[in-house]
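One letter stands for each residue in the lines below.
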Amino acid sequence: MRLRVCWILLALGGLMACWPMPRPIPTASPLPPTPTVAGEEPLYLALIWHQHQPFYPKDPQTGLYTRPWARVHATKDYYDMAAILRAYPNVHVTFNLTPVLIRQLKDLAAGAKDLYWALAEKPADALTDEEKRFLLRRFFDANWDRVIPRFPRYQELLEKRGRRADPEAIERAMAAFTVQDFQDLQVLFNLAWFDPDFLTQPPLADLVRKGRGFTEADKEIVFRETRRILREILPLHRALQDAGQIEVITTPYAHPILPLLIYSDLARVGDPEAQLPDPPFSAPEDARAQLQRAVALYEAHFGRAPRGLWPAEGAVAQPIVPMVIDAGFVWMASGEPVLARSLGRSGFTRDAQETVEDVDLLYRPYRLSDPQGRPLFIVFRDGVLSDRIGFTYSGMPGEAAAEDFIRRLERIREKARVKGVKGPLLVSVILDGENAWEHYENDGKAFLHGLYRRLNESRTIRTVTPSEFLQMFPEAARPLPKLFPGAWFSPNYDTWIGEEEERAAWTALRQARAVLKDYEEGRKHAAPEALERAREAMELAEGSDWFWWYGADQDSGQDDYFDEAFRSLLRQAYEALGEPVPDDLSIPIVAPPAAEPAAPFAGAMTPTLDGEAVPGEWEAAARYAGTDPALSGFWLGADRERFYLRVDGTWTGDIAFDVYIATPQRAGRAGFSLDPFRPRAPLGFGATHAIQVVRQGGTVKASLWQAGADGRWIPAPATPTAQLGRGTLELAVPMAALGTLRAGDPVLWQVVVSWPQGSARLPTAGVARFPVPDFGLAHPILDVEDPEGDDHGPGGYVYPTDPVFAPHVFDLKRFQVGAEGEDLVFRFEFHGPIPNPWGSPNGLALQTIDVYVDRDPGKGTGARLLLPGRNAALAPGFGWEIALWAEGWTPGIYAPDAQGKPQPVPGASLRITVNPAQRVVILRAPKRVFGADFDPWTAAY
């Protein structure tokens, strides 16, 4: 039974408002009164560990989960992260167990298995070659610096396989690995994913001592212990919560970005330049259902209503507030950037020791309300403290890291004392409770014990759950009129929406949702169980995890898996309703791997198209070599106006040449071939255009095709130029015929040659990635050449000594400014390479570029001091009005405020294109950010 509390709002003329009141949570022991004098009262700390794995789909044929991560994090993290607290009774902690994680844990505890589990159990001498290759590729998926070295035999097997997993390395290992090698690998992969505490106790300690030569009986021990731990995780959390030491909170069922389910165009608030589905995705009823289903699952497992909510990824916006209140939640949490923007700030200032200056703003709960005045409390994570645990402390000794964390908390107390801040302060530290520890020595044991011991004994820092703090100090919450749309680490949703791949995924989700809605609203009919299966698949497809890996801003190394998992869930929704599955869902959204050319593109070229390759004519083109006589190679080149392609081979009689092209601008994509000699065949990527040259009955015909909105091929208005010789095809297509293309835009190419008896393609695996070449700005406003070798600075600058910093990576060769359409374009050419060793989302890792634009040089307006950390200023009489900061992860456009401090320009994004082959970086900024009366010819750069 749910209690309802009614408040009579006398100030509103006696209006009565009612809402659900969750049951109170008992505490382990009464908390003593807190002193009220500033400086004497403790600092309250809410530690919130977020435990989550996406719902990895099961293989429909085998019934096995396709990934092991819910299971292996269960044995390594989920049990011990809670169990460790039993030694520290004064430490109160909050755990978020997401519904889809609970569902998988329960299923695994009841007997389900994953693919890795099944392959580890299979006798090594019965493994097929393909299964052995799988083990060689995937059974070294553990931390190579911290985890694998703990097991000498595991390290030995890694070295025997080699640290590369390319096809050649795998085949060498296939020949070298013995049956015993595979059997040891089966055991060691799973042993490595147990918490170290389990490995010091029998029966697993016996296997660790044994070290090698494992048997089938040893495998039985491993998986018997696995099942035992799985069965204890949820009861352990319930027992600790019932005792009052922890609070367990939840997340909307499938871990969706809740605001985007309500209305995907909310993404434009934080990023006006985001590429969004059109029409937008909007299913507020799904947002409500995700919350309601989470509450029901929580109550079924914990015997009470949840009080706290971690919206997936901390993603919040004002429209979710009434829904969260309706679901019965008392509080939720998000990130520091959301609070800053909600308060009209760009961020929180920190001192030289990274302590927040405005402790009275960040370190307290806030009170939101819906249109009826019903309250919902919200806390915001300290991003620096949370990220130090998540990313920094793994590189420090555990005790030193724990001491550093405590010192930082004490500095917050001191900052509050110095500023005279009254009242209790709550520091919220929120992060993944599973992903960091493999990067620590010994799974972070020294850090966690060191931290909890200090907190357990501290008289100045007291750990609480947010519910405890709100019960103790309800008056500490301040009203927050409106919640800015953002997530735990960004004042936007850019990680989950806004790029072309993400737009394609949201569009596919919207289309499937529209089909399901026809059944929900009675326009079509399906059996209740079929409708429920479709709803379940749709809810799982709405999870944030699939969208996290789309686009250039994140890379799992296995993005194709997440792509296939997402599309398989949508296919399940269609199939459950008996609806035809759209062609689009057979097309990978993630671009296929790009094949490296045998020779790179060297510069502009304009060949004569006569079906005969004259020596030297194609030397500048990128070349892709093949082994099939019918398709021995192809070449790609360009000038300012056209792409050129040449195909060499041996052919007679009827033959078709299909050139499939994917540009980033067009929405329509086709996943099947144009082959005139056989039924449609899948391409393996979504092509926007196709050039077809067919010789049939002695007649040669060339045509250009484009993908329609339904994925079907339709004729394009332009006609390519083609000449077919005895062993060479040469063709050209105007760039304008492929849409609006800009320098650096990635264009994918694949050539398929087919004849009545067969076919051949190049590249054989993947596609050719040929970006639109950069030939410099056609009409530059400013063009500056810079000599080579002057990248040493004016004084004693020292180049970084790590070998990743190759000579001349900071040595600028040329700088140009020009105008293209609605953009101002800045082009940088370097003498040295532009590598991306750390996988930045835009390809810019080593170089950082600042551009300062003075609208009225010599008049002294604007800011003289450059961006923070530069320690430089413009000469007297000059000042910048707009600054562009180009770097790999947090680029931006800034303007100085009234005090001269840089502030992000609202609604403006800096677009960065990197062309490593040509050593060029191009920045594009909207002209409008420079002012309506801006004249780029008179500005200083």
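Shown above is the structure to which this text applies.
Procedures and definitions
- Residues numbered from 1 in each chain as written.
- Predicted model: local features only at pLDDT ≥ 70, side-chain atom pairs only at ≥ 80, totals over all residues.
- Heavy atoms only, no water.
- Phe/Tyr/Trp six-rings, centres within 6.5 Å; stacked < 30°, edge-to-face > 60°.
- Lys NZ or Arg CZ within 6 Å of the ring centre and 35° of its normal.
- Buried < 20%, exposed > 50% of the residue type's maximum accessible area, 1.4 Å probe, protein only.
- Helix = DSSP H or I, 4+ residues; strand = E, 2+ residues; numbered from the N terminus.
- Pairing = 2+ DSSP bridges.
- 1 Å grid on protein atoms, 1.4 Å probe; cavity = no way out; pocket = protein on both sides within 12 Å on 5 of 7 lines; lining within 4 Å.
- Points joined across faces, edges and corners; volume = space filled by probe spheres on them.
- Nonpolar A, V, L, I, M, F, W, Y, C, P; charged D, E, K, R; others polar.
- Expected span 1.5 Å × (residues − 1).
- Salt bridge = Lys/Arg side-chain N within 4 Å of Asp/Glu carboxyl O.
- Axes fitted to C-alpha atoms, helices over the stretch in contact; angles between N-to-C directions.
- Left-handed = near helix turned anticlockwise from the far one by under 90°.
- Contact = heavy atoms within 4.5 Å.

Visitor: I'd like to hear about the packing of aromatic side chains, residue by residue, with values.
Guide: Applying the stated criterion across every chain yields a total of 48 aromatic pairs. An aromatic cluster is built from Tyr56, Trp488, Phe489, Trp496, Trp546, Trp548, Trp549, Tyr561 and Phe562, whose rings are joined through pairwise contacts. Positioned above the aromatic ring of Phe672 is the side chain of Arg680, whose terminal nitrogen or guanidinium carbon lies 4.3 Å from the ring centre.

Visitor: Please set out the pairing of strand β25 (residues 748-755) residue by residue, giving values where relevant.
Guide: In summary, the side chains of a regular strand alternate between the two faces of the sheet. Judged by how many residues are buried, β25 sits mostly within the fold: seven of eight residues are covered. Sheet topology note: the β25/strand β27 (residues 767-769) ladder contains two bridges and is antiparallel. Of the residues in β27, the one forming a bridge with Trp749 is Ala768. Strand direction decides the pairing type here: β25 and strand β26 (residues 758-762), joined by five bridges, are antiparallel. What sits directly across from Val753, in β26, is Ala760. From the end of β25 to the start of β26, which pair antiparallel, there are two residues.

Visitor: Please provide a residue-by-residue account of empty space enclosed by the protein, values included.
Guide: Per the stated rule, a full pass over the model turns up six cavities of 30 Å³ or more. Of the voids in this model, the second largest cavity is the one considered here, and its volume is about 60 Å³. Around the second largest cavity, the lining residues are Arg350, Gln353, Glu354, Thr355, Tyr363, Asp382, Val384, Leu385, Arg408, Arg411 and Ile412. In terms of residues, the lining of the second largest cavity owes the most to one element, helix α18 (residues 398-419), which gives three residues. Taken together, the residues of the lining of the second largest cavity sort by class into four nonpolar, two polar and five charged.

Visitor: Any chance you could break down helix α21 (residues 500-520) for me, citing the residues and the numbers?
Guide: Counted at 1.5 Å a residue, the expected span for α21 with its 21 residues is 30 Å, and the 30 Å between its end C-alpha atoms agrees. Following α21 by one or two positions, Gly522 adopts a phi angle in the positive range, close to 85 degrees.

Visitor: Help me get a handle on the pattern of salt bridges, residues and values and all.
Guide: According to the stated counting rule, one finds 82 salt bridges in the structure shown. Across the salt bridge formed by Asp77 and Lys76, the nearest N and O atoms sit 2.9 Å from each other. With respect to class, Asp77 is no different from Lys76; both count as buried. Here Arg513 ties to Glu520 by a salt bridge, and the two come within 2.9 Å at their closest N and O atoms.

Visitor: Go over unusual backbone geometry, please, and point to the residues and values.
Guide: Between Pro202 and Pro203 the backbone carries a cis peptide bond, its omega angle lying at 5 degrees. Mapped onto the elements of the fold, Pro203 is located in the loop between α8 (196-199) and α9 (204-210). The residue after Asp278, namely Pro279, is reached through a cis peptide bond having omega 5 degrees. Relative to the helices and strands, Pro279 is located in the loop between α12 (267-270) and α13 (284-302). A positive phi is found at Asn442, a non-glycine position, where the angle reads about 55 degrees.

Visitor: Residue-level account of the packing of helix α1 (residues 69-83) against helix α10 (residues 216-242), with values.
Guide: Where α1 contacts α10, the two axes come as close as 9 Å, and the packing angle between them is 40 degrees. As for how α1 packs across α10, the hand of that crossing is left-handed. Along its contact with α1, which presents Arg71, Ala74, Thr75, Tyr78, Tyr79, Ala82 and Ala83, the element α10 presents Phe223, Thr226, Ile229, Leu230, Glu232, Ile233, Leu236, His237 and Leu240. Each residue belonging to the contact of α1 with α10 can be placed in one class, and the counts come to 11 nonpolar, three polar and two charged.

Visitor: Explain the environment of Ala287 residue by residue, including any values.
Guide: With respect to the helices, strands and loops of the structure, Ala287 is situated in helix α13. Separated by 247 residues in the primary sequence, Ala287 and Glu40 have C-alpha atoms spaced 44 Å apart.

Visitor: Give me the lowdown on the sheet that holds strand β16 (residues 642-648), citing residues and values where you can.
Guide: Across the sheet, which stays open at both edges, the five strands sit in the order β14-β15-β16-β24-β23 with antiparallel pairing between neighbours. Looking at strand neighbours, the two that pair on one side only are β14 (622-628) and β23 (721-724), the edges of this open sheet. This sheet shows a mean twist of 10 degrees between the axes of neighbouring strands, independent of strand direction. Where strand β15 (residues 631-638) meets β16, six bridges bridge the pair, whose relative direction is antiparallel. Within β16, the residue paired with Phe634 across the bridge is Val647.

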